[in-house]
Amino acid sequence: MNQGETQSNRARETEVKLLGGLDAYRRHALANLRLKTVIKESHGGAVTGLACCSATPGAGNLVASIGSNHATVYDGTHLADHVSVAVQFVNSATAHTPGGNLRAATWLHPMPETTEPGCHGNARLAIAGDDAAVSIISMAEARVTTLLQGHVAAVTDLAANPSQPGALAALSSDGSVALWDLGSERQRGPCSTSHAASLAWSPDGECLLVGTRRGKLWKLSPSGSADIAWDKTELPLPSKAGFQSAALDCLRPLQGGRLAIKAADGRMAVLSWPSLEPVATWRVPDGTYPGSGLAATPDGNYIAVGNMLGRSFVHCTATGKCLAAVEPVRLHEPVTSVALSSDCRHLWVALGLGFIFRYEYLGALEDDKENSANVEEDTNRSQAL
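Criteria and cut-off values
- Residues numbered from 1 in each chain as written.
- Predicted model: local features only at pLDDT ≥ 70, side-chain atom pairs only at ≥ 80, totals over all residues.
- Heavy atoms only, no water.
- Helix = DSSP H or I, 4+ residues; strand = E, 2+ residues; numbered from the N terminus.
- Phe/Tyr/Trp six-rings, centres within 6.5 Å; stacked < 30°, edge-to-face > 60°.
- Buried < 20%, exposed > 50% of the residue type's maximum accessible area, 1.4 Å probe, protein only.
- Lys NZ or Arg CZ within 6 Å of the ring centre and 35° of its normal.
- Polar contact = N/O pair within 3.5 Å; in protein donor to acceptor, adjacent residues only side chain to side chain.
- Contact = heavy atoms within 4.5 Å.

**Some thoughts on unusual backbone geometry**
A negative phi angle is the norm for most residues apart from glycine, just as the trans form is the norm for most peptide bonds.
Okay, so step 1: Note that the residue after W273, namely P274, is joined by a cis bond; omega there is 10 degrees.
Okay, so step 2: Along the chain, P274 turns up in the loop between strand 20 (267-272) and strand 21 (278-283).
Okay, so step 3: The phi torsion at S68 lies on the positive side, around 55 degrees, for a residue other than glycine.
Okay, so step 4: Of note in the backbone geometry, H195 takes a positive phi value of approximately 60 degrees without being a glycine.
Okay, so step 5: Within the fold, H195 resides in the loop between strand 13 (186-192) and strand 14 (196-201).

**What to know about the packing of aromatic side chains**
Okay, so step 1: Here the structure, examined in full by the defined rule, presents two aromatic pairs.
Okay, so step 2: Residues Y25 and Y361 carry aromatic rings whose centres are separated by 5.8 Å and whose planes lie at 70 degrees to one another, so their mutual orientation is edge-to-face. Of this pair, Y25 sits in helix 2 (residues 22-31) while Y361 sits in the loop between strand 28 (355-360) and helix 3 (363-384), and the two are 336 residues apart along the sequence.
Okay, so step 3: Overall, the relative accessible area of 6% leaves Y361 in the buried class.
Okay, so step 4: Looking at K40, its charged tip hangs above the ring of F355, at a distance of 5.4 Å from the centre.

**As for the side chain of R358**
Okay, so step 1: Mapped onto the secondary structure, R358 falls in strand 28.
Okay, so step 2: Overall, R358 belongs to the buried group, its relative accessible area being 1%.
Okay, so step 3: In terms of polar contacts, R358 uses its side chain to reach the backbone carbonyl oxygen of G76, at 2.7 Å.
Okay, so step 4: A polar contact of 2.7 Å, which involves the side chain of R358, links it to the backbone oxygen of D81.
Okay, so step 5: Setting aside residues up to four positions removed in sequence, R358 forms contacts with R34, L35, K36, T37, G76, D81, H82, V83, H346, L347 and W348.

**Comments concerning the environment of D81**
Okay, so step 1: Residue position: D81 is located in the loop between strand 4 (70-78) and strand 5 (82-90).
Okay, so step 2: When the C-alpha atoms of D81 and E5 are compared, they prove to be 7.6 Å apart, with 76 residues separating the residues in sequence.
Okay, so step 3: When neighbours within four sequence positions are excluded, D81 is seen to be in contact with S8, R12, K36, G76, R345, H346, R358 and E360.
Okay, so step 4: At a separation of 3.4 Å, a polar atom in the side chain of D81 contacts the side chain of H346.

Keep in mind that these numbers describe shape and distance, not what the molecule does.
What follows is the structure in structure tokens.
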């Protein structure tokens with residue numbers, strides 16, 4: 001850790017104490033976000049996925065993006081609060097895979113060394129797309145260390161299970177759901193579903209949930225250790241949530257036994273699990289880009305989402321109240337993906353062709369720098385006069 005990072009961390013810890021704790025700090029940060037960093041990725045396509053790494057302890061500074069056939073991992077706290085590229089991967093054709101565009105990415109949870117040697121404590125990113133393969137990238141080695149093949153169609157969604165670190169679920173464009181055992185690299189399943197649009201583990205990690213393009217929510221319960229037998233059950237969504245027939249294009253399990261659902265028409269709900277009783281509901285103004293997803297803090301207390309006009313919002317999951325609303329400069333394109341840091345200091349927003357806007361709370365330390373700069377400028381001006 002360098003001097004800038006040490007100074008920044010100390011100032012942040014002091015501010016958290018002065019504001020009365022982490023939650024008060026996060027709300028203060030959300031109320032004071034401003035655009036500081038703009039990134040233009042070189043692939044020329046839309047950034048279809050952003051994800052902060054909350055799966056591996058100590059790796060919360062890492063943020064992954066996918067767009068076209070590129071996957072990029074950024075260090076979001078390089079030299080205190082700057083952005084740098086940590087790992088970059090291009091899904092080109094090789095002797096093992098035909099390559100192609102990437103459609104899904106998720107951070108994997110650490111596994112015991114006895115299950116998968118060398119991966120304990122190492123942040124790993126799973127990516128997948130048109131080549132119907134799942135590639136696992138090691139941040140320590142900066143390369144693909146595992147290639148999972150066996151799907152017959154493009155992989156459109158991935159779901160890692162924190163309560164079962166060795167389990168990775170994958171949804172294909174043909175509606176099939178497969179469950180991978182990462183220790184043995186063996187595929188279990190698949191299970192066929194109709195009109196599938198999104199995939200997630202249930203909040204208790206016991207079953208898989210599939211949202212469909214027709215507004216249905218299905219529960220898939222695996223049984224057996226080798227060849228899985230799937231029990232499929234349609235779960236009735238509460239009328240209070242306001243979901244009708246719009247596609248359920250994003251599902252996210254939240255801490256505290258809750259499930260977040262986003263529909264393609266911008267309707268959102270946080271439901272208790274397994275009762276599916278509404279905790280909070282709201283609607284994103286001007287709708288959301290299909291499949292654009294949402295981001296949540298690791299404790300599930302805050303959710304970020306973007307709309308069709310380039311604006312992004314952060315909501316409290318307990319009440320549905322909007323705590324932050326930001327918009328880009330000049331570029332008013334649909335938001336295709338968002339990511340939110342655990343302390344809510346950084347909101348990453350992807351829109352247009354390869355643009356990533358990072359809104360930041362600079363904090364008291366940066367304010368002191370600006371004040372010092374203003375004092376120095378005033379002093380220089382007075383001396384010149």
